[in-house]
Amino acid sequence: ADTLAALRLAKEKGITTMAIVNVVGSSIAREADKVFYTLAGPEISVATTKAYSAQLTAMYCLAVQFAKVREKITEEQYSYFISELLTLPEKMQKTLEDKERIQWFAAKYANAHDVFFVGRGIDYAVCLEGSLKLKEISYIHSEAYAAGELKHGTISLIEQGTLVIGVLTQSELYEKTISNMLECKSRGAYLMGLTTYGKYEIEDQVNFTVYVPKVDEHFVGSLAVIPLQLLGYYVSVAKGLDVDKPRNLAKSVTVE
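In what follows, the accompanying structure is described.

What counts as what
Residues numbered from 1 in each chain as written. Predicted model: local features only at pLDDT ≥ 70, side-chain atom pairs only at ≥ 80, totals over all residues. Heavy atoms only, no water. Helix = DSSP H or I, 4+ residues; strand = E, 2+ residues; numbered from the N terminus. Rg over C-alpha atoms; globule rule 2.2 N^0.38 Å. Contact = heavy atoms within 4.5 Å. Lys, Arg positive; Asp, Glu negative; His and termini not counted. Charge placed at Lys NZ, Arg CZ, Asp CG, Glu CD. Pairing = 2+ DSSP bridges. Axes fitted to C-alpha atoms, helices over the stretch in contact; angles between N-to-C directions. Patch = residues over 30% accessible without salt bridge, like charges linked within 9 Å, V, L, I, M, F, W, Y side chains within 5 Å. Areas by Shrake-Rupley, 256 points an atom, 1.4 Å probe, with all protein chains shown as cover. Salt bridge = Lys/Arg side-chain N within 4 Å of Asp/Glu carboxyl O. Buried < 20%, exposed > 50% of the residue type's maximum accessible area, 1.4 Å probe, protein only. Parallel < 35°, antiparallel > 145°, perpendicular 65-115°, else oblique. Left-handed = near helix turned anticlockwise from the far one by under 90°. Right-handed = clockwise from strand over helix to strand, strands pointing away. Phe/Tyr/Trp six-rings, centres within 6.5 Å; stacked < 30°, edge-to-face > 60°. Lys NZ or Arg CZ within 6 Å of the ring centre and 35° of its normal.

This part takes up the overall build of the protein chain. Helix and strand counts for the protein chain come out as nine helices and seven strands. Taking 2.2 N^0.38 as the reference for a compact globule, 256 residues should give roughly 18 Å; the C-alpha atoms of the protein chain span a radius of gyration of 19 Å, in line with that estimate. Projected onto its principal axes, the C-alpha coordinates of the protein chain cover approximately 55 × 45 × 35 Å. Restricting to contacts in the protein chain with at least 6 residues of sequence separation, those with at least 24 account for 64%. On the protein chain, the mean spot of the 27 positive side-chain charges and the mean spot of the 31 negative ones are 3 Å from each other.

The next thing to look at is the sheet that holds strand E6 (residues 190-196). Strand order in the open sheet made by the five strands is E4-E3-E5-E6-E7, with parallel pairing throughout. At either margin of the open sheet sits one strand with a lone partner, and together these are strand E4 (141-146) and strand E7 (208-212). Adjacent strand axes in the sheet meet at a mean angle of 20 degrees when their direction is disregarded. Alignment of E6 against E7, held across five bridges, turns out to be parallel. By the bridge assignment for E7, Gly193 is matched with Thr209. Running at roughly 175 degrees to E4, helix H7 (residues 122-138) makes contact with strand E3 (114-119), E4 and strand E5 (163-168) of the sheet.

On the surface, a cluster of negative charge is contributed by Glu175, Glu201, Glu203 and Asp204. Looking at the secondary structure, you find Glu201 in the loop between E6 and E7.

Our focus in this paragraph is the pattern of salt bridges. Two side chains that carry opposite charge are able to pair once their charged atoms sit near each other. On inspection of all chains with the given rule, the structure shows seven salt bridges. Between Glu75 and Lys68 there is a salt bridge, and its shortest N-O distance comes to 3.9 Å. Overall, Lys68 belongs to the partly exposed group, its relative accessible area being 29%. Across the pair Lys133 and Glu136 runs a salt bridge whose closest N-O atoms are separated by 3.4 Å. Of this pair, Lys133 and Glu136 are both found in helix H7, three residues apart, which corresponds to roughly one turn of the helix. As far as burial versus exposure is concerned, Lys133 and Glu136 are alike and both buried. Because the salt bridges share partners, they merge into one network encompassing Glu129, Lys133 and Glu136.

Okay, unusual backbone geometry next. Non-glycine residue Glu71 carries a positive phi angle of around 55 degrees. Within the secondary structure layout, Glu71 lies in the loop between helix H3 (50-69) and helix H4 (75-86). Taking the relative accessible area as the measure of exposure, Glu71 reaches 70% and is therefore exposed. Although it is not a glycine, Tyr139 adopts a positive phi angle of roughly 60 degrees.

The next thing to look at is the packing of helix H6 (residues 99-108) against helix H9 (residues 221-238). The N-to-C vectors of H6 and H9 enclose an angle of 50 degrees; their axes lie 8 Å apart at closest approach. Judged on the interaxial angle alone, H9 and H6 are oblique. As H6 packs across H9, the resulting crossing turns out to be right-handed. Judged by residue contacts, Lys99, Ile102, Gln103, Phe105, Ala106 and Ala107 of H6 engage Pro227, Leu230, Leu231, Tyr234, Val235 and Ala238 from H9.

The two faces of the sheet receive side chains in turn, since in a regular strand these alternate between them. The buried fraction of E5 is high, at six of six residues. Alternating positions in E5 separate into two faces, Leu163, Ile165 and Val167 on one and Val164, Gly166 and Leu168 on the other, with burial throughout. Where E3 and E5 come together, four bridges link them in parallel fashion. Bridge pairing links Val118 to Gly166 in E5. A crossover connection joins E5 to the parallel E6 through helix H8 (residues 171-185); in handedness this β-α-β unit is right-handed.

Time to look at the packing of aromatic side chains. In total, this model carries 12 aromatic pairs according to the counting rule given. Grouping aromatic residues by their ring pairs yields a cluster made of Trp104, Phe105, Tyr109, Tyr190 and Phe208. Across the ring face of Tyr78, the terminal group of Lys68 is positioned such that the distance to the ring centre comes to 4.5 Å. Between the NZ or CZ atom of Arg247 and the centre of the ring of Tyr139, over which it lies, the distance is 3.9 Å.

In structure tokens, the structure reads:
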């Protein structure tokens, strides 16, 4: 309902609106000026996963197309970005094949009370989704923080055994985020690192590592989010909860 209200407000102001939606004929699709259907098929679970992935890819497509139309990228860059996007399904499959390790880790940490996700830039956005999934379906208190803000207060919450999950897929920000994580470790945190294949030096610094295939760093969020979604899923299963129907949540929100 809140999204619909925002759409109506934009239309009242004469702004062109575009809906990126999964279900044909939904309220937002009917009211928006333009519609981009993701057509990911029915999403049974309340804690949406495939619709998230499909909408994220739709956003990538829009961004790349806008860049081309606005002449911010060359034809070569355009072709490169499209070819990178087309590798995502196969790389997602490879990420899913590593699920046994995440399942083992989730069973070990199923009784955690507090989990902190940390990252910078795109990695922070991935952390927000990972933290939301853990909260939604396993009922563990979890928060996502921009890693650079840890010293501004959050680090006081770290105590012996607190689980800190770091997402490190952006090369330029890698060292900074690692240094933030090590500050947590020195205060007793247990570290899980999520990065791309090839960055094996991370194993000297964190306690547990999950790797995803390499892809252009603009799009790596599509891959990085999957182990975090799986973590939420397996923690929930380990606790004997109904993953698809979390308590207090509904598939559609009808009130603002």
